[in-house]
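Breakdown of the fold
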Amino acid sequence: MTYESALKELQEVIEDLRNEMVNVDDMTEKVKRAKELIDFCKNKLRNVGEDLDGLF
Amino acid sequence: MKSYSLHELNEHLRRVVALNVQDALWVRCEIAQLNESRGHYFMELVEKEETITAKASAILWMRSYNKLLREHGRGIRKILKEGMEVMLKLKVEFHEVYGMQYYVEDIDASFTLGKLAIRKQAILEAFEQEGLLGKNTEIALPAVLQKIAIISSENAAGYQDYLKQLEENVFGYTVDSQMFAAAMQGINVEEEILFQLKRIKKQKDKFDAVVIIRGGGAKLDLMAFDNEKISRVVADFPLPVLTGIGHDIDESILDRVAHSSLKTPTAVADFIINHNLFFENKLLQMGSELSFLAQEKIQEQIFVLQNIEQTLQWQTETFLKNTLQEISLLENEMQLSAKSFFQKEEKRISNLEAIFEVLDPEKTLKRGFSLTSVDGKIIKSIKDLDPKKETEITTQLSDGIITSKTKKKSK
């Protein structure tokens, strides 16, 4: 998982939400995933838990 | 035959030169070699097209050198270098023992700087033609600059400032910098930087960017960064190159070809931190947009539910109202019908009563009717009687009974 791929995936989630492609149930799933992506990047920026790479 | 002693000859030449070349002259030439000892500078001057067309040695006494320093500042050292095209003010003397000697009395810095500028311009134009000027700049910076290859010299002040600035960033970002030490001053700048650039290129996947920093110190060797070879390699480099050479007046060729050129090493560190901050901000923005969109969606659903709820409520209410209405209607109807039913029944009863009234035997008898019966059985028709025989019949009147016998029967 790189910064670029995380960013790309986040953009896709936003796009889906924007054009109503997501129903409520999927939405909670997607928002949770988005949260994971953001946290991953924030940690990676600060080199926290370098082994986070394996998690995604 | 006439002959002269060597001294006489040299002494004559001294006078000829002293007579004909009294004043010092401005001379354009190139410094082929330059050696300094005890503060004096000994130079080999040449002029050359393809080959050397003129050659001479010249001396710059320490005294004159210090005068030049005072007049032109430390930039003079940048000019007094091998390979430099210079304009020198030379005093020519012929010495009986040392022969022809040129003494440097002054130097025209602008001439050399002009030459340098022209050369630099030429290089820039060549790079322009080859499309090298913007090449490194076109490389898109990765989302985050976290693995940096640094070309600097260990003890360069700039290097320490750069590291400190990175380490003390308030956002807590970590940036790993790997050092590729190279001389940043003196003659082997080119060789060492080229060497390190090559090394970095081999392991380029390990890095997000290259940083070339020097920082501080004399501006004298800025010229080293007008170096064509280094600039060409940087222009063509597969990774973005950031420069922080530490000067503020003119921009070296290296700065022009680099992806981004910053004024100082600290500025390079800031550039990196800000780049990463920009990334994180974008991330957080997306996060908030996402939560906004999610909220919106949830709100939408809530509205939908509320609508349903309301419609439900409204419907149940109306339904109830309707049923109640129906019930009350029914009730009324029932009452009405019940009433009318009773009324009808009452009427019927009273009719019956009336009828009964009318049919009441007593009353009928009273009205003159009578009940005729034979042997206790009421007879209604003359057929009930035996025509031939006299039968005893009893006739009940309102106030008594008559028994009689039948005589005649006629329709």
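About the criteria used
Residues numbered from 1 in each chain as written. Chains lettered and ligands numbered in written order. Predicted model: local features only at pLDDT ≥ 70, side-chain atom pairs only at ≥ 80, totals over all residues. Heavy atoms only, no water. Helix = DSSP H or I, 4+ residues; strand = E, 2+ residues; numbered from the N terminus. Buried < 20%, exposed > 50% of the residue type's maximum accessible area, 1.4 Å probe, protein only. Contact = heavy atoms within 4.5 Å. Areas by Shrake-Rupley, 256 points an atom, 1.4 Å probe, with all protein chains shown as cover. Arc of directions from axis to C-beta. Pairing = 2+ DSSP bridges. Axes fitted to C-alpha atoms, helices over the stretch in contact; angles between N-to-C directions. Buried area = accessible area lost by both parts, 1.4 Å probe. Salt bridge = Lys/Arg side-chain N within 4 Å of Asp/Glu carboxyl O. Polar contact = N/O pair within 3.5 Å; in protein donor to acceptor, adjacent residues only side chain to side chain. Patch = residues over 30% accessible without salt bridge, like charges linked within 9 Å, V, L, I, M, F, W, Y side chains within 5 Å.

1. Structural notes on the overall build of chain A
If you tally the helices and strands in chain A, you get two helices and zero strands. Of all 56 residues assigned to chain A, the portion counted as buried reaches 32%.

2. As for the overall build of chain B
Scanning chain B from N- to C-terminus turns up 11 helices and 14 strands. Across chain B, every contact between residues at least 6 apart in sequence was considered, and the portion connecting residues at least 24 apart equals 64%. As displayed, chain B offers around 25,500 Å² of accessible surface, 57% of which is attributable to carbon and sulfur atoms.

3. Things to note about helix α2 (residues 62-72) of chain B
Residue and element names in this part refer to chain B. Those residues of α2 that fall on the buried side of the exposure criterion are S64, Y65 and L68. Taken end-on, α2 shows its buried residues confined to a sector of 105°, consistent with a single buried face. The outward face of α2, more than 90 degrees from its buried face, is lined by the exposed residues R63 and R70. Those residues of α2 hidden inside the fold are in contact with β2 (40-48), β3 (52-60), α3 (75-79) and β5 (99-107).

4. Notes on the environment of K408 of chain B
Its place among the elements puts K408 of chain B in the segment after β14 (401-405). Sequence separation of K408 of chain B and P387 of chain B is 21 residues, and the distance between their C-alpha atoms is 7.6 Å.

5. Here's the deal with the sheet that holds β3 of chain B
Residues and elements named next belong to chain B. As summarised here, the arrangement of the five strands in space is β1-β2-β3-β5-β4, forming a closed barrel in which the pairing is mixed. When the angles between neighbouring strand axes are averaged without regard to direction, this sheet yields 50°. As paired elements, β3 and β5 share two bridges and run parallel to each other. The partner of I59 across the bridge, within β5, is Y103. With respect to the sheet, helix α1 (residues 6-20) is in contact with β4 (85-95) and β5, its orientation differing from that of β4 by roughly 135°. Sheet strands in contact with α2 are β2, β3 and β5, and its direction is about 20° off that of β5.

6. Looking at the interface of chain A and chain B
Opposite the 23 residues of chain A that make contact, chain B presents 25 residues. Between chain A and chain B, roughly 2,200 Å² of surface is buried when both sides are summed, and carbon and sulfur atoms account for 71% of that area. The largest share of the area that chain A buries against chain B comes from L7, L45 and R46 of chain A, three residues that together contribute 27% of it. Taken together, the connections running from chain A to chain B amount to two salt bridges. Among the ionic pairs, R46 of chain A bridges to E280 of chain B, the shortest N-O distance being 2.9 Å. Remark: the boundary between chain A and chain B carries nine residue pairs in polar contact (both at pLDDT 80 or more). Counting only elements with at least two residues in the side of chain A that touches chain B, the list comes to α1 (3-18) and α2 (24-45) of chain A.

7. Some details on the sheet that holds β14 of chain B
Residues and elements named next belong to chain B. Within the open sheet, the four strands sit side by side as β12-β11-β13-β14. Their pairing is antiparallel. The two strands at the open ends of the sheet, each matched to only one other strand, are β12 (377-378) and β14. Of the strand pairs in this sheet, strand β13 (residues 392-396) and β14 are connected by five bridges, and their pairing is antiparallel. For I393, the partnering residue across the bridge sits in β14 and is S404.

8. Remarks on a nonpolar patch on the surface
Among the surface-exposed residues, L352, I355, V358 and L359 of chain B lie close enough to one another that they form a single nonpolar patch of about 360 Å² accessible area. Mapped onto the elements, L359 of chain B comes out in helix α10 (residues 265-359).

9. A closer look at the environment of Q11 of chain A
All names here are of chain A. Along the chain, Q11 turns up in helix α1. By relative accessible area, Q11 is classed as partly exposed at 39%. Sequence-wise, Q11 and A34 are 23 residues apart; in three dimensions their C-alpha atoms are separated by 9.4 Å.

Functional significance is not addressed by these values, which are geometric in nature.
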